[in-house]
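# Secondary and tertiary structure notes
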Amino acid sequence: MNKWSGLIYISLIVLFGKACDYDLNFSPAQTQDIGFSSDTIFLDTLFTTIGSATYNLRIYNHSNENVRIGSMQLGQGKDSKFRLNVDGIHGQSFENIELLAKDSMYVFIETTVNIKDYAANATEYLYNDQLVVDDQSIELVTLIKDAVFLYPNRDSEGVKEVLPIGTDDEGNVIGIEGFYLEDDELIFTNELPYVIYGYAGVPSEKTATFEAGARVYFHDNSGLIAAQSSSVHVLGELSTDSELLENEVIFEGDRLEPFFENIPGQWGAIWLTAGSTNHIFRHATIKNATVGILMDYNDESDEPTLVLEQTQIHNSSFVGLWAKTAHVRASNSVFGNAGNASFYGNIGGDYEFTHCTFSNYWNRSFRSTPAVLLNDFVPISETENYVKPLQKALFANCLIDGNQNIEFLVEQRGEVALKFSLDHTAIRFAPSDQSIYEDPYYDFTDTTFYEKLFRNKKSAVNNPNDNDFRITQDSEVIGLGKPVYASEFPTDILGVNRLESVDLGAYQHIIIEED
């Protein structure tokens, strides 16, 4: 180091050393100097014994002086169920916290509460404490819900239970983390919510029944799976309160914070495997799954394997209803936003939809598939397809809509012609490439496929981003339905009479008052 470098180095030490000495002068914080981003932290609703998300409180120094907060602690001290993180340090009490002039800091807050510690027989309990900062306090509040927890057992070596779902090319069993429901676990009531970890399996020859008002919450990578010869009966009823939906059976993820209200892909699927039978979903809402319902094949009887009535499937990260060579009947049902198709009729099948809404306004990523996709194949190699004919696909008084130019497509790889019919049904079909009309399946004058079709009508769904697919008074599909289909289902999904004016889709139109 030459003498000039040495002088510069010494000068910097003197200069910044004095500055640091000045900055390290902290005076006791005064009440009027300290502010908070909120006077109450609500940690939203939690299930008992399940940890919360992390919430934050911001503390401000409004003064022009560096200050030192004497103490920061939880009101209940070591007995508190809340946890703090201050400047990267975990704890329940802190002393001498320094805060620079006009600066701020974050306090991160979490909790885990066992409701039985506070209210042995209650289904809900409001747990609260205070964060005390010198002589000021912030309220900490969270609502705890009791629940029935269902999960795989572990063996003596700690390995979780697995359900067999098939074999690989070498004959080895392929399993999925899960468990079979016991006989006393097959009826899901509305007394307490259910939280499921892994896949809950319905054993062969058994029926899982979900009573009106039941609430089922799935953890990540969890779901419901029906084994061969088993059934799922979801027996919801019409609710009188449109907000509480007290009689609806709801399947969703187990994150209760508002941020997760409409986040897709939080759990796996309701998987109705090949050979399962006699499935009924009535007044059911299935939301935020990867696949809402996967109906795998059919029971080879003359009756539908899956019946959907007044059922809604929303925010599926992949597909809403995925039916593979299935036999499905649906009425007054809604197949909403999905990362791919709202309804995928795959490898043929037999389908009948009456007064159903297929409306895909997915906006979370690029979507290349339409709201409704029908085909007769699945690739099994680079050069081969496994093919099953599409025996029937009837869409009667339906609405097929979305935010893409084309929301209805069919694909054929087999030799047998596809059999489908759209009668008094509206579709979104406005291709930029006109060559698609060379495909005879898009000859909209052919009454074999299109007995009565309405193209590119304004649907005017109310709020598709919030899963509200009711049509408003501005809709162009009002009164376009065929009365004979409406007579089979004289009320809509909400119980509104539709016989006087038959609107397309699951909903009769509503009147939205202008602001």
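These figures come from a predicted structure and were not determined experimentally.

Turning to the overall build of the protein chain, a few remarks are in order. Each helix and strand in the protein chain was counted, giving two helices and 40 strands. C-alpha extents for the protein chain along the principal axes are approximately 90 × 55 × 55 Å. Looking at the 515 residues of the protein chain, the share that counts as buried comes to 50%. For the protein chain, the share of sequence-separated contacts (at least 6 apart) that also reach a separation of at least 24 residues comes to 64%. Counting only carbon and sulfur atoms, one obtains 49% of the accessible surface of the protein chain, whose full area is about 24,800 Å².

Right, let's talk about the layout of surface pockets for a bit. Put simply, the largest pocket is a space of about 1,600 Å³. As for the largest pocket, its lining consists of 47 residues, and the residues nearest its centre are Ser242, Glu243, Leu244, Leu245 and Ile250.

The nonpolar side chains of a soluble globular protein tend to be buried, and buried together. Ranked by internal contacts, the top residues of the largest apolar core, which has 66 residues, are Phe251, Phe281, Phe353, Phe395, Phe408 and Phe420. Per element, the largest residue contribution to this core is five residues, and it comes from strand 27 (residues 319–331). In contact with Phe353, other than residues within four places in its own chain, are Leu321, Ala330, Phe335, Phe343, Phe358, Leu394, Phe395, Ala396 and Cys398. Core analysis: the next-biggest nonpolar cluster, separate from the first, contains 30 residues, Ile34, Ile41, Val86 and Ile109 among them.

Time to look at the sheet that holds strand 9 (residues 104–111). The strand order across the open sheet built from five strands is 2-4-9-6-7, with neighbouring strands paired in antiparallel fashion. Since the sheet does not close on itself, it has two edges, and those belong to strand 2 (34–36) and strand 7 (89–91), each with one partner. Direction aside, the axes of adjacent strands within the sheet are offset by 25 degrees on average. Looking at chain direction, strand 6 (residues 82–86) and strand 9 are connected through five bridges and run antiparallel. From the neighbouring strand, Arg83 faces strand 9, where its bridge partner is Glu110.

Let's shift gears to the confidence of the model for the protein chain. Across the protein chain, the average pLDDT comes to 93, with 95% of residues at 70 or higher. Note on residues 3–23: pLDDT under 50 across the span, and six contacts to partners over four residues away in sequence or across chains.

So, on to the pairing of strand 9. Alignment of strand 4 (residues 55–61) against strand 9, held across six bridges, turns out to be antiparallel. Following the sheet pairing, Leu57 is matched in strand 9 by Val107.

Structurally, Ser421 is set in strand 37 (residues 421–427). With relative accessibility at 16%, the residue Ser421 sits in the buried group. Residues within four places of Ser421 in sequence aside, it is in contact with Ala393, Leu394, Phe395, Thr448 and Phe449.

It is worth spelling out unusual backbone geometry at this point. Positive phi values are uncommon outside glycine, yet Thr49 reaches one of about 70 degrees. Note on placement: Thr49 falls in the loop between strand 3 (40–47) and strand 4. Assessed through its relative accessible area of 41%, Thr49 is described here as partly exposed. The backbone phi angle of Asn278 is positive, close to 55 degrees, even though this residue is not glycine. With respect to the secondary-structure elements, Asn278 resides in the loop between strand 23 (267–272) and strand 24 (279–287). The exposure class assigned to Asn278 is partly exposed, which follows from its relative accessible area of 39%.

One pass over the full model with this rule turns up 16 salt bridges. Here Asp468 makes a salt bridge to Arg470, at a shortest N to O gap of 2.7 Å. Judged by its relative accessible area of 15%, Asp468 is buried. The partly exposed category is assigned to Arg470, whose relative accessible area is 26%. Where salt bridges share partners, they join Arg329, Asp350, Glu352 and Lys392 into one cluster.

The pairing of strand 15 (residues 187–188) with strand 18 (residues 207–211) spans two bridges and is classified as parallel. Bridge pairing links Ile187 to Thr209 in strand 18. Alignment of strand 18 against strand 21 (residues 231–235), held across five bridges, turns out to be parallel. Pairing of Ala208 across the sheet is with Val232, part of strand 21.

Conventions and cut-offs
- Residues numbered from 1 in each chain as written.
- Predicted model: local features only at pLDDT ≥ 70, side-chain atom pairs only at ≥ 80, totals over all residues.
- Heavy atoms only, no water.
- Helix = DSSP H or I, 4+ residues; strand = E, 2+ residues; numbered from the N terminus.
- Buried < 20%, exposed > 50% of the residue type's maximum accessible area, 1.4 Å probe, protein only.
- Contact = heavy atoms within 4.5 Å.
- Areas by Shrake-Rupley, 256 points an atom, 1.4 Å probe, with all protein chains shown as cover.
- 1 Å grid on protein atoms, 1.4 Å probe; cavity = no way out; pocket = protein on both sides within 12 Å on 5 of 7 lines; lining within 4 Å.
- Points joined across faces, edges and corners; volume = space filled by probe spheres on them.
- Core = buried A, V, L, I, M, F, W, Y, C linked by side-chain atoms within 4.5 Å.
- Pairing = 2+ DSSP bridges.
- Axes fitted to C-alpha atoms, helices over the stretch in contact; angles between N-to-C directions.
- pLDDT = per-residue confidence, 0-100.
- Salt bridge = Lys/Arg side-chain N within 4 Å of Asp/Glu carboxyl O.

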